[in-house]
Amino acid sequence: MVYEYEYLPFYDWLTDILLGKGPTWYFFALFLGLVGLSVIGALVALVRLGPAASLEATYNLLTGTFFDIIGISPRRVYALSKLVILEAWRRRVWFVLVIFAAILIFSNLFLTANSDDPGKLYTTFSLGFTTRYLALFLLLILSVFSIPQDFKNKTIFTVATKPVRTSELILGRICGFMALGTFLLVVMGTVSYFYLVLSLQHTHDLDAETVSALNSQKAGLVNGKTTLAQDHFHLLRHDPKVEEMWTEFQFGHRHEIIKNPDGSYTLREPEELLRARVQQLGTLKIRDEYNDETKDRGVSVGKEWSYRSFIEGSSPMAAIWTFKDITPERFPRGLRLERTIRVFRTSQGVIDRPLSGTITLRNPQTRVESRPIEFLCKDNEIDTFEIPLLVEVQDKEGNLRQGNLFEDFVSADHELQILVQCSAPQQYFGMAQRDLYIKGADIPFEWNLVKALFCMWLQMLIIVSCGVFFSTVVSAPVALLCTVGFLIFGMNLQFINDITTSELFMEEGARLKKYYGGGPLEATYRIFTGMNVIMPLEKTPLSAVIKSVDRPILWTMYFTRLLIPNFDQFNTVSILQQGFNIPGELVAQLAFQAFFFAFTAFLLGVALLRLREVAS
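Just so we're clear, the structure is a prediction, and the values are computed from it rather than from any experiment. Residues take numbers from 1 onward in each chain, read along the sequence in its written order. Side-chain atom pairs in this predicted model are given and counted only at pLDDT of 80 or more, local residue features only at pLDDT of at least 70, and totals for whole chains, interfaces and linings cover all residues. Side-chain metrics rest on all non-hydrogen atoms present in the structure, leaving aside hydrogens and water.

(A) Examining the packing of aromatic side chains more closely. Only the six-membered ring of Trp is used, alongside the rings of Phe and Tyr, when aromatic pairs are assigned; centres must lie within 6.5 Å, and planes under 30 degrees apart are stacked while those over 60 apart are edge-to-face, with the rest tilted. Under the defined criterion, the tally for this structure stands at 16 aromatic pairs. With a centroid separation of 6.3 Å and 25 degrees between ring planes, the pair formed by Phe375 and Phe429 is classed as stacked. One end of the pair, Phe375, is in strand β14 (residues 373–377); the other, Phe429, is in strand β19 (residues 427–431), and 54 residues separate them in sequence. Looking at Phe375, the relative accessible area reads 6%, which means it is buried. Judged by centre distance (6.0 Å) and plane angle (10 degrees), the ring pair of Phe454 and Trp457 falls under stacked. Of the two residues, Phe454 and Trp457 are both situated in helix α10 (residues 445–471); the distance of three residues between them amounts to about one turn of the helix. Numbering of helices and strands starts at the N terminus; helices are DSSP runs of H or I of at least 4 residues and strands are runs of E of at least 2. Buried means the residue's accessible area, taken with a 1.4 Å probe over protein chains only, is under 20% of the maximum for its type, while exposed means over 50%, and partly exposed covers the values in between.

Next up, the structure:
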């Protein structure tokens, strides 16, 4: 399965935000934070000092915060950061590394390399589960308990008596925790990398006596089977006319086979277990059974996850991808495609037998088409497909002639269309936009790992700044509760956005996709009564009360989502584990969001801590 999000180039993304077309949560966060700070300060001053003096106190608070921040001394911030690191180290935070090592050591008792994709399994466990959650949990605990603990022990007054600004106190905490988190992340990331390499490396033996030529209909092919290693083996079916020999792609990898001069065989280390594929994506349109090529989606076969739609086999239906910037300079040796197709069978037959399909090249301007190229397809299997420079052209009468990829099928504005059809009657191919792409050269897995760890570091920055911010105004348990609630909200931001938008703005009977379940109270009512989510509530006084209570809660959730980043996008380990390159545009967007959010939380934290000092 590929990742389904589409990312704009960073410049276009930033332009959309400045024009108010994109996600503008950070501008709202800054605006609402400053307004809220002013209101809180004014109310406190109003109660304590009266109307006239309250305005003066609010003015002093805002100007004092401003001059406090612009006078930050890097030397004092460094000293405070060092103090934070020493305090955390005395609390034995290094013990998390012991837990991390113990989990990895005992993990091999439960993880097996004979799963469908062991590379994905081990990457998910070591990085997506162990490293990510241990590091984030540790930083969460440290950040929310630090300042309240200093207030409780009165150690903060010792620091406050020194020539230290409030902004330096906050910034020193954030920098200290981030330095500690960076150290842990580097250690865990390095150990995880070697854990992946050492756990997945293996090879097999191929006995020459087990290799035999097939007879009958497949004469000329070589058949064989490797020895068992890590609880799996590979099949070998090879055409001797082809120079390179490979095992079949099984368990997420394959092995290159070297035939020695003495007739024996040597298998190399596994390939494609840890990789980072680079994609050039196209836009997808569906041609329906009436030859209408403007459709965005095909047939629904009842799958709950509507990411993919389906085309019917042995029919005019086709999935049509249009690719841009196809030039001879970029692809001098032809195109290399990769595809992932889901298969839906209406008649079972032999369940593991692949279905047949065709790929056709087409010039979007002249409509010249190639001879359909047949392929066999297994469900949800990534397959590589080479398109050479010389391709046969087929005219409307079915006559064939030798054609050229760029001269016959690429338009004057460098566009190429690729049509995929299912040839098996009564069967369906399921496809989405990212299921077929032009493959570029892989980038090193190590570089992709660094990008994933950097995105994890950005998550840590958001959590630390959020935890320090809450800890300036509330006690440690409340700050912990607020930060955890913030995380849960951010991890489910897309779901909350869908539910609130659907409940607040979508009218009954609308053709747009409807998300069911209602607000929190309605959902609770449905759970206890066992009521299906798609059934509307009966119009009773009780349902009217439920709707009335849910309405303001939904509005609050709708506006709150503007203040919280989408944590689901920060989890780039999911892209890494699927073997795709993490787009640089995505990393830039996440870095912009994380630093802007941390800066906003820092500003609010400084102002609120100054206000707390005034109130005390």
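(B) Broad picture of the pattern of salt bridges. Salt-bridge detection follows one rule: a side-chain nitrogen of Lys or Arg within 4 Å of a carboxyl oxygen of Asp or Glu. All chains considered together, the criterion is met by 19 salt bridges. When the shortest N-O distance is used, the salt bridge between Glu256 and Arg268 registers 3.5 Å. With a gap of 12 residues between them, Glu256 in strand β5 (residues 256–259) and Arg268 in the loop between β6 (265–267) and β7 (279–280) connect regions that are remote in the sequence. Judged by its relative accessible area of 45%, Arg268 is partly exposed. Several salt bridges converge on common partners, so that one network encompasses Arg275, Arg277, Glu338, Lys439 and Asp442.

(C) A look at the sheet that holds β5. Paired strands, in this sense, are two strands between which DSSP finds at least two bridges. Spatially, the three strands line up as an open sheet ordered β4-β5-β6, and their pairing is antiparallel. Every interior strand has two partners, whereas the edge strands, β4 (245–246) and β6, have only one. Judged from the two bridges that link them, β4 and β5 form a sheet pairing that is antiparallel. Looking across to β5, one finds that Trp246 is bridged to Glu256.

(D) Representation of a nonpolar patch on the surface. On the surface, Trp89, Trp94, Phe95, Val98, Ile99 and Phe183 cluster together to form a nonpolar patch covering roughly 550 Å² of accessible area. With three residues, the top contributor of residues to the nonpolar patch is helix α5 (residues 95–107). Along the polypeptide, Phe95 turns up in helix α5. Within the patch definition used here, like charges are joined within 9 Å and nonpolar side chains (Val, Leu, Ile, Met, Phe, Trp, Tyr) within 5 Å, considering only residues with over 30% relative accessible area and no salt bridge. All accessibility values rest on the Shrake-Rupley procedure with a 1.4 Å probe; residue burial counts only the protein chains present in the view.

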